[in-house]
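# Per-entry structural report
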Amino acid sequence: MTDRTDTVVADTRRWLERAVIGLNLCPFAKSVHVKGQVHYAVSAATDGPALREDLLRELRDLAAIDPEVRDTTLLVAPDAFPDFLDFNDFLATADRALAELDLEGVIQIAPFHPRFVFAGTRDDDITNYTNRTPYPTLHLIRETSIDRAVQAFPEAEAIFEVNMATMEKLGPEGWAALDVGPTLDAGDCGKLKP
């Protein structure tokens with residue numbers, strides 16, 4: 001790994017620990033993190049076709065590896081899709097990749113982005129920060145893991161509402177205090193080497 005790749009992973013891990021686990025945005029994240037079952041893959045892609053190839057590789061790898069070794073993958077693409085709408089459009093390509101590998105119903109893809117915006121919200125709405133990461137990220141999640149988590153947390157549908165309330169209570173200043181943004185300068189984007 002390069003120093004830059006290490007930085008991207010460290011930034012993403014800090015976001016996971018401080019925001020996702022620290023704020024309990026995902027009650028299922030802590031156990032796989034503590035067990036070392038979260039795989040961080042950093043893509044050098046700068047466009048959709050290259051990211052699609054990395055996504056296909058990571059989907060194949062996740063499906064082939066024992067869940068006790070790798071339960072989930074965070075595919076981070078710091079140099080691709082700085083614009084959220086372009087990233088959002090790429091999700092259709094990601095879904096086609098799942099279908100191409102016959103992994104629909106086996107793995108889900110959850111999107112995270114530094115400028116993530118839920119439909120019907122303003123860009124500065126604090127609730128968008130539940131899905132804001134230091135860099136564009138595709139979370140590859142095993143369906144069996146989701147099923148186990150729902151059994152352990154039967155009120156899973158309430159997580160979204162709880163997260164919105166958490167973010168509203170935290171506010172922009174509280175989010176900023178978490179220090180979970182990227183440590184790479186925007187000018188460093190586009191410079192990731194495989």
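As the structure is a prediction and not an experimental result, all values here were calculated from the model.

## As for the sheet that holds strand 4 (residues 137-142)
Pairing is mixed across the open sheet formed by 4 strands, whose spatial order is 1-2-4-3. Edge positions in the open sheet fall to strand 1 (38-42) and strand 3 (107-112), since each of these has one partner strand only. Mean inter-strand twist for the sheet, computed between neighbouring axes without regard to direction, equals 20 degrees. Strand direction decides the pairing type here: strand 3 and strand 4, joined by 6 bridges, are antiparallel. The partner of phenylalanine 112 across the bridge, within strand 4, is threonine 137. Relative to the sheet, helix 3 (residues 48-64) contacts strand 1, strand 2 (72-76), strand 3 and strand 4, its axis offset from that of strand 4 by approximately 25 degrees. Sheet strands touched by helix 4 (residues 84-100): strand 3 and strand 4. Its angle to strand 3, the strand with the most contacts, is close to 170 degrees.

## What about the nonpolar core?
Within soluble globular proteins, side chains that are nonpolar tend to cluster in buried spots. If you look at the biggest cluster of nonpolar residues, it comprises 24 residues, and the most contacted ones within it are Leu51, Leu55, Leu59, Leu138 and Leu140. Elements supplying a minimum of two residues to this core: helix 3, helix 4, strand 3 and strand 4. The element contributing the most residues to this core is helix 4, with 7 residues. Excluding its chain neighbours within four sequence positions, the residues that come into contact with leucine 51 are Ser43, Ala45, Leu75, Ala77, Ala80, Phe81, Phe90 and Leu138. Judged by nonpolar contacts, the second largest core, of 21 residues, contains Val20, Leu23, Ala29 and Val180.

## Some details on the confidence of the model for the chain
Within the chain, residue pLDDT values average 91, and 93% of them lie at 70 or more. A low-confidence stretch, residues 190-194 (pLDDT under 50), is modelled with 15 contacts involving residues beyond four sequence positions or located in other chains.

## Here's the deal with helix 1 (residues 3-21)
A rise of 1.5 Å per residue sets the reference length of helix 1, with its 19 residues, at 27 Å; its end C-alpha atoms lie 25 Å apart and thus fit the reference within 8%. Within the span of helix 1, buried status applies to Arg4, Thr5, Val8, Val9, Asp11, Thr12, Arg14, Trp15, Leu16, Ala19, Val20 and Ile21. Its buried side turned inward, helix 1 meets helix 2 (29-34), strand 1, strand 2, strand 3 and helix 6 (159-178).

## Regarding the pairing of strand 4
Taken across its 6 residues, strand 4 has 6 buried, putting it largely inside the fold. By the alternation rule, side chains of strand 4 split into Thr137, His139 and Ile141 and Leu138, Leu140 and Arg142, which are all buried. Two strands pair when backbone bridges link them, and strand 2 and strand 4 are joined in this way by 5 bridges, in the antiparallel orientation. Note that in strand 4 the partner of threonine 73 across the bridge is leucine 140.

## Some words on the pattern of salt bridges
Considering all chains together, one arrives at 10 salt bridges under this definition. Two residues, arginine 132 and aspartate 123, come together in a salt bridge whose shortest N-O distance is 3.3 Å. Of the residues examined, arginine 132 reaches a relative accessible area of 7% and is grouped as buried. Through salt bridges with shared partners, a single network forms among Asp54, Arg57, Glu58 and Arg70.

Rules used in this analysis
- Residues numbered from 1 in each chain as written.
- Predicted model: local features only at pLDDT ≥ 70, side-chain atom pairs only at ≥ 80, totals over all residues.
- Heavy atoms only, no water.
- Pairing = 2+ DSSP bridges.
- Helix = DSSP H or I, 4+ residues; strand = E, 2+ residues; numbered from the N terminus.
- Axes fitted to C-alpha atoms, helices over the stretch in contact; angles between N-to-C directions.
- Contact = heavy atoms within 4.5 Å.
- Core = buried A, V, L, I, M, F, W, Y, C linked by side-chain atoms within 4.5 Å.
- Buried < 20%, exposed > 50% of the residue type's maximum accessible area, 1.4 Å probe, protein only.
- pLDDT = per-residue confidence, 0-100.
- Expected span 1.5 Å × (residues − 1).
- Salt bridge = Lys/Arg side-chain N within 4 Å of Asp/Glu carboxyl O.

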